[in-house]
Amino acid sequence: MSDPQLIRIGARSSPMSLAQVERVRAELAAAHPGIVTEVVPFTTSGDRWSGALVELGGKGAFTREIDEALLSGAVDLAVHCVKDVPGDRPVPAGTVFAAYLKRDDLRDALVLPAGHPGGLTLAELPPGTRIGTSSVRRVAQLAQRYPQLEPVPFRGNANSRLAKLDAGEVDAVLLAVSGLERIGLSHRISQVLDVEQMMPAVGSGTLVLQCRAEDQRSIEAVSALNDAETYRQTTAERMLLHVLQGHCNSPIAAFATTEFDGRLSLRARVFSPDGKTVLDAHEWDRNAHALGTSVAATLLRQGAHEVINAIPH
Ligand SMILES: NCc1[nH]cc(CCC(=O)O)c1CC(=O)O
């Protein structure tokens, strides 16, 4: 009888991230009852830094230390939100994305302070309402559709942002529906924003399981958790981001869905930070890589390269 397989799981130590890890552990246990899992929490440089992420080199600030631990053998599996994985560089050499979990809700939500009568929509908020968000994608779309509202830079894990909201630091915040659901706070949602008014980021609602490329045993174990449609959709979205060479400070929004006939639909927009320029594309294809490349090419023909590179990063 061989020793039970141990999988040490590396992830950020925020409540949302640890809730995500518990989903992975439960799905692994259901697929492989004999596997033992351990959680290794990390406070990443992105978690320690309260300023603008661009000063840390962007989104990699939430994944770098965990990827290093994976490569060093300190952990066997990294659990990341796809939204946190840089799109303008390949997956760290020596690692692979072994599975994408079935996608959760990919939309954003408006949240008001605890005790507020609630139920207000973005359109109903009074002019000058301070909206806490550091997402350039969200800020650009607010500027485009709700120029009367006032975005305010706002960082921290979801729980700390809600605490700061409730303490009156801002009047409202925008958070991912999937994140609120994972930390059991979806009752705080005042409005779920449809994708037309707030198009999501690449990888929204999706978790990725990353292993060492040579660790076939862990790759095989987690491959049981892969959701084929999420894999296709995320591949198309990340291909788009790769071709556009979008970085963490790029106001790029995109999401792929699977049509009834099995074709993938990919919608994508590139915004100038002030929301005055909106490049838009929507195409279909059965091949995820081809679709991501084609939609990116369409946006590049509309001037996406100039819009993206006009933004410091
Ligand atoms: N995708 C989850 C994620 N990735 C990075 C942060 C923190 C965001 C920040 O520090 O501004 C969060 C939210 C959370 O952990 O609750």
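Looking at an unreviewed UniProt entry, one finds the protein chain named Porphobilinogen deaminase and attributed to Streptacidiphilus alkalitolerans. Listed under Catalytic activity (unreviewed entry) in UniProt, the entry text for the protein chain is "4 porphobilinogen + H2O = hydroxymethylbilane + 4 NH4(+)". As stated in UniProt under Function (unreviewed entry), the record for the protein chain gives "Tetrapolymerization of the monopyrrole PBG into the hydroxymethylbilane pre-uroporphyrinogen in several discrete steps."

**Overview of the packing of aromatic side chains**
Using the criterion set out here, one finds two aromatic pairs in the structure. Look at Phe 97 and Tyr 100: their rings are 6.0 Å apart centre to centre, the planes differ by 70°, and that puts the pair in the edge-to-face class. On the basis of relative accessibility, which here comes to 4%, the residue Tyr 100 falls in the buried class. An aromatic cluster of three or more residues is present, and its members are Phe 97, Tyr 100 and Tyr 231.

**What about the nonpolar core?**
Counting 22 residues, the largest nonpolar core has Leu 240, Leu 244, Leu 266, Val 270, Val 295 and Leu 299 as its most contacted members. Of all the secondary structure elements, the ones that give two or more residues to this core are helix H8 (228–244), strand E11 (252–258), strand E12 (264–271), strand E13 (278–285), helix H9 (288–301) and helix H10 (304–309). A total of five residues in this core trace back to one element, the largest contributor, which is H9. Setting aside its immediate chain neighbours within four residues, Val 270 contacts Leu 244, Pro 251, Ile 252, Thr 277, Val 278, Leu 279, Leu 299, Ala 304, Val 307 and Ile 308.

**Re H9**
Here H9 spans 20 Å end to end across 14 residues, near enough to the 20 Å set by a 1.5 Å rise per residue. All of the buried residues in H9 are Ala 288, Leu 291, Gly 292, Val 295, Ala 296, Thr 298 and Leu 299. What you see down the axis of H9 is that its buried residues fit within an arc of 155°, all on one side. Along its buried surface, H9 packs onto H8, E12, E13 and H10. Two or three places before His 289, at the start of H9, stands the capping residue Asn 287, its side-chain oxygen 2.9 Å from that residue's backbone nitrogen.

**What about the pattern of salt bridges?**
Per the stated rule, a full pass over the model turns up 21 salt bridges. Among the ionic pairs, Arg 25 bridges to Glu 22, the shortest N-O distance being 3.3 Å. In this pair, Arg 25 and Glu 22 are both assigned in helix H1 (residues 15–31), three residues apart and thus about one turn of the helix distant. Given the relative accessible area of 26%, Arg 25 is considered partly exposed. Between Arg 23 and Asp 104 there is a salt bridge whose closest N-O contact spans 3.1 Å.

**Looking at the sheet that holds strand E1 (residues 6–12)**
Across a sheet, strands are paired by hydrogen bonds formed along the backbone, either parallel or antiparallel in direction. Strands sit in the order E2-E1-E3-E10-E4 across an open sheet of five strands; the sheet is mixed. Here the strands that pair on one side only, and so sit at the sheet edges, are strand E2 (36–42) and strand E4 (95–100). Pairs of neighbouring strands in the sheet enclose a mean axial angle of 30°, with direction left out of account. In this structure, E4 lies alongside strand E10 (residues 207–212), joined through five bridges in antiparallel fashion. Counterpart to Phe 97 in the pairing with E10 is Gln 210. Contacting E1, E2, strand E3 (77–81), E4 and E10, helix H3 (residues 64–72) crosses the sheet at an angle of about 160° to E3.

Quick notes on the rules
Each chain carries its own residue numbering, running from 1 in the direction its sequence is written. Only residues with pLDDT of at least 70 get local features here, since the model is predicted, and only at 80 or more are side-chain atom pairs given and counted; chain-wide, interface and lining totals rely on the full set of residues. By convention in this description, side-chain values take in all heavy atoms of the structure and omit both hydrogens and water. UniProt positions are given in the numbering used here, feature names are shortened, and annotations may be inferred rather than shown by experiment. Ring pairs are drawn from Phe, Tyr and Trp, using the six-membered ring of Trp, whenever the two centres fall within 6.5 Å, and their geometry is named by plane angle: stacked under 30 degrees, edge-to-face over 60, tilted for the rest. Partly exposed describes any residue whose relative accessible area lies between the buried limit of under 20% and the exposed limit of over 50%, with all areas from a 1.4 Å probe on protein chains only and scaled to the type maximum. To define a nonpolar core, start from buried Ala, Val, Leu, Ile, Met, Phe, Trp, Tyr and Cys residues and group those joined through side-chain atoms within 4.5 Å. Under the scheme used here, helices are H or I runs from DSSP no shorter than 4 residues and strands are E runs no shorter than 2 residues, and both carry numbers assigned from the N terminus. Whether two residues are in contact is decided by their heavy atoms: any pair within 4.5 Å suffices. A helix's residues, less one, multiplied by 1.5 Å, set its expected span. Directions from the helix axis toward the C-beta atoms define the arc. Pairing of N or O atoms within 3.5 Å defines a polar contact, subject to two protein rules: one partner must be a possible hydrogen donor and the other a possible acceptor, and residues neighboring in sequence count only if both atoms are side-chain atoms. A pairing counts as a salt bridge when a side-chain nitrogen of Lys or Arg comes within 4 Å of a carboxyl oxygen of Asp or Glu. Following DSSP output, two strands are said to pair if at least two bridges run between them. Note on definitions: angles span 0 to 180 degrees between N-to-C directions of axes, and those axes are lines fitted to C-alpha atoms, for helices only across the stretch in contact.

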